[in-house]
Amino acid sequence: MKNVNPVVWFEIYVDDLKRAKKFYEAVFQLELNEMPMPPAAEDNMKMLFFPSNMESKNSASGALVKMDGFKAGNNSTIVYFMSEDCSIEESRIKGAGGKVMKPKVSLGEYGAMVLATDTEGNMIGIHSMK
């Protein structure tokens, strides 16, 4: 059995793409880029990509997605974002329109984490080793 991360992609569904873009760019200090959609999807689907290196074999990337029929929030999967120190991103969440649900908590030898909701009601996690 291989010890390789099998996760290559995630999607966070949003109701307001502009508002969600502003939240994620403010909290994680990064730029999301629009992906051109094929003609069959461009009327009912918009995507903004997180920065990534698709050539790397042991990393995952993803996108914010606004798509007809997929409501934001109340999902049962939590995406955890990597951080140098998750208290840094935690300090930006409220100002970006989100809500801290669980402030930074130690996981002992496994680092620390923060749980928050974004502007769309999606629960996200932030993990760091500090």
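See the structure shown above.
Once a new chain begins, its residue numbering starts again from 1 and follows that chain's sequence as written. Reporting in this predicted model follows two pLDDT cut-offs: at least 70 for local features of residues, and 80 or more for side-chain atom pairs to be given and counted; totals over whole chains, interfaces and linings ignore these cut-offs and use all residues. Hydrogens are left out, water is left out, and the side-chain values use all remaining heavy atoms of the structure.

1. Some points on the overall build of the protein
In step 1: The way it works is that DSSP assigns letters per residue, a run of H or I at least four long becomes a helix, a run of E at least two long becomes a strand, and they are numbered from the N terminus. Per the secondary structure count, the protein includes 2 helices and 8 strands.
In step 2: Secondary structure of the protein in N-to-C order comes out as β-α-β-β-β-β-α-β-β-β.
In step 3: Rg of the C-alpha trace for the protein: 15 Å, near the compact-globule value of 14 Å for 130 residues, within the 12% margin.
In step 4: Its C-alpha atoms put the protein at 50 × 40 × 25 Å along the principal axes.
In step 5: Across the 130 residues in the protein, those meeting the buried criterion constitute 38%.
In step 6: Two residues form a contact once any of their heavy atoms are found within 4.5 Å. Partitioning the contacts of the protein with sequence separation of at least 6, the portion at a separation of at least 24 is 55%. For the radius of gyration, the atom set is restricted to C-alpha positions; the globular benchmark scales as 2.2 Å times the number of residues to the power 0.38. The buried label applies to any residue whose accessible area, calculated with a 1.4 Å probe on protein chains only, is under 20% of its type's maximum; exposed applies above 50%, and partly exposed to all values in between.

2. Points about the packing of aromatic side chains
In step 1: Aromatic rings from Phe, Tyr and Trp, with only the six-membered ring used for Trp, were paired whenever their centres fell within 6.5 Å, and each pair was classed as stacked if the ring planes differed by under 30 degrees, edge-to-face if by over 60, and tilted otherwise. Per the counting criterion, the structure on display carries 10 aromatic pairs.
In step 2: Of the aromatic side chains, those joined through ring pairs into one cluster are Phe10, Phe23, Tyr24, Phe28, Phe50 and Phe81.

3. Quick notes on helix H1 (residues 17-28)
In step 1: Across its 12 residues, H1 extends 16 Å between first and last C-alpha, which sits within 8% of the 16 Å expected from 1.5 Å per residue.
In step 2: Looking only at H1, the buried set comprises Leu17, Ala20, Phe23, Tyr24, Val27 and Phe28. One side of H1 holds all its buried residues, which, seen down the axis, span an arc of 125 degrees. Turned more than 90 degrees from where H1 packs its buried face, Lys18 and Lys22 sit exposed.
In step 3: In protein, a polar contact means a hydrogen-donor-capable atom and an acceptor-capable atom, both N or O and within 3.5 Å, with residues adjacent in sequence counting only if both atoms are side-chain atoms; elsewhere, any N or O pair within 3.5 Å suffices. Capping of H1 at its N-terminal end is provided by Asp16; its side-chain oxygen lies 3.3 Å from the backbone amide nitrogen of Lys18.
In step 4: Following H1 by one or two positions, Gln29 adopts a phi angle in the positive range, close to 50 degrees. Helices are assigned an expected span. That span is 1.5 Å times one less than the residue count. Note that the arc is defined by the directions from the helix axis to the C-beta atoms.

4. Focus: the pairing of strand S4 (residues 61-67)
Each regular strand carries side chains that alternate between the two faces of the sheet.
In step 1: When you tally the buried positions in S4, you get 6 out of 7 residues, the bulk of the element.
In step 2: Where strand S3 (residues 45-49) and S4 come together, 5 bridges link them in antiparallel fashion. Within S4, the position partnered with Lys46 by the bridge is Lys66. Here, a strand pair is defined by DSSP locating no fewer than two bridges between the strands.

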